[in-house]
Amino acid sequence: MSTPRPGTEIDHPPRPLAQRLGAILWPSFFAAGVCTMVFFAFVDPLALRDITLPGWAVTRELGYTVGFFMFWGATSASSLFTWWLLRPARRFNRALPPES
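Nothing here was measured: the structure is a model prediction, and the numbers come from that model.

1. Section: the side chain of Thr36
With respect to the element layout, Thr36 can be found in helix H1 (residues 17-42). The class of Thr36 is buried, set by a relative accessible area of 11%.

Structure, rendered in structure tokens:
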């Protein structure tokens, strides 16, 4: 990949907060849904409760809900990290102003 000529670099304006959050949360929501379906197709939440927290009153629905939000948190963190790594470096690597 060739480097652009000086003065011809395109710096896209920062995106609105709603668009940035949507780009992180929306794909991770779908990924969490798929992960939840695949995981709970093989694991019963009540059996998981009996192994991990036998004294707690966890229903099957609560197990599904907690599992979904855990998967959503993990996939959101992954999407956030990807967004963070893909930010244009030239916005953050500008030369410091000369000291006076």
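Moving on, there is more to tell.
2. What about the pattern of salt bridges?
Side chains that carry opposite charge are capable of pairing whenever their charged atoms lie near each other. Evaluated as defined, the whole model comprises 2 salt bridges. Across the pair Asp44 and Arg60 runs a salt bridge, and its minimum N-O distance is 3.0 Å. One end of the pair, Asp44, is in the loop between H1 and helix H2 (45-52); the other, Arg60, is in helix H3 (residues 60-85), with 16 residues separating them in the sequence. For Asp44, a relative accessible area of 30% corresponds to the partly exposed category. With relative accessibility at 32%, the residue Arg60 sits in the partly exposed group.

3. Quick notes on the packing of H1 against H3
For any two helices packed against each other, one specifies the crossing angle of their axes together with the interaxial distance. Where H1 meets H3, the axes come as close as 7 Å, and the angle between the chain directions of the two elements is 135 degrees. As judged from the angle between their axes, H1 and H3 are oblique. Crossing handedness for the pair H1 and H3: right-handed. Within the contact between the two elements, H1 uses Arg20, Ile24, Leu25, Ser28, Phe29, Ala31, Ala32, Gly33, Cys35, Thr36, Phe39 and Phe40 and H3 uses Gly63, Tyr64, Gly67, Phe68, Phe71, Trp72, Thr75, Ser76, Ser79, Leu80 and Trp83. Across the contact of H1 with H3, the residue classes tally to 14 nonpolar, 8 polar and 1 charged.

4. As for the packing of aromatic side chains
This model, assessed by the stated rule, comprises 12 aromatic pairs. Here Trp26 and Phe29 contribute two aromatic rings whose centre-to-centre distance is 5.8 Å and whose plane-to-plane angle is 5 degrees, an arrangement assigned as stacked. In this pair, Trp26 and Phe29 both sit in helix H1, 3 residues apart, roughly one turn of the helix. Considering the side-chain rings of Phe29 and Trp72, the 5.3 Å spacing of their centres and the 70 degrees angle between planes classify their relative orientation as edge-to-face. Of the two residues, Phe29 is situated in helix H1 and Trp72 in helix H3; the sequence distance between them amounts to 43 residues.

Definitions and limits used
- Residues numbered from 1 in each chain as written.
- Predicted model: local features only at pLDDT ≥ 70, side-chain atom pairs only at ≥ 80, totals over all residues.
- Heavy atoms only, no water.
- Helix = DSSP H or I, 4+ residues; strand = E, 2+ residues; numbered from the N terminus.
- Buried < 20%, exposed > 50% of the residue type's maximum accessible area, 1.4 Å probe, protein only.
- Salt bridge = Lys/Arg side-chain N within 4 Å of Asp/Glu carboxyl O.
- Axes fitted to C-alpha atoms, helices over the stretch in contact; angles between N-to-C directions.
- Parallel < 35°, antiparallel > 145°, perpendicular 65-115°, else oblique.
- Left-handed = near helix turned anticlockwise from the far one by under 90°.
- Contact = heavy atoms within 4.5 Å.
- Nonpolar A, V, L, I, M, F, W, Y, C, P; charged D, E, K, R; others polar.
- Phe/Tyr/Trp six-rings, centres within 6.5 Å; stacked < 30°, edge-to-face > 60°.

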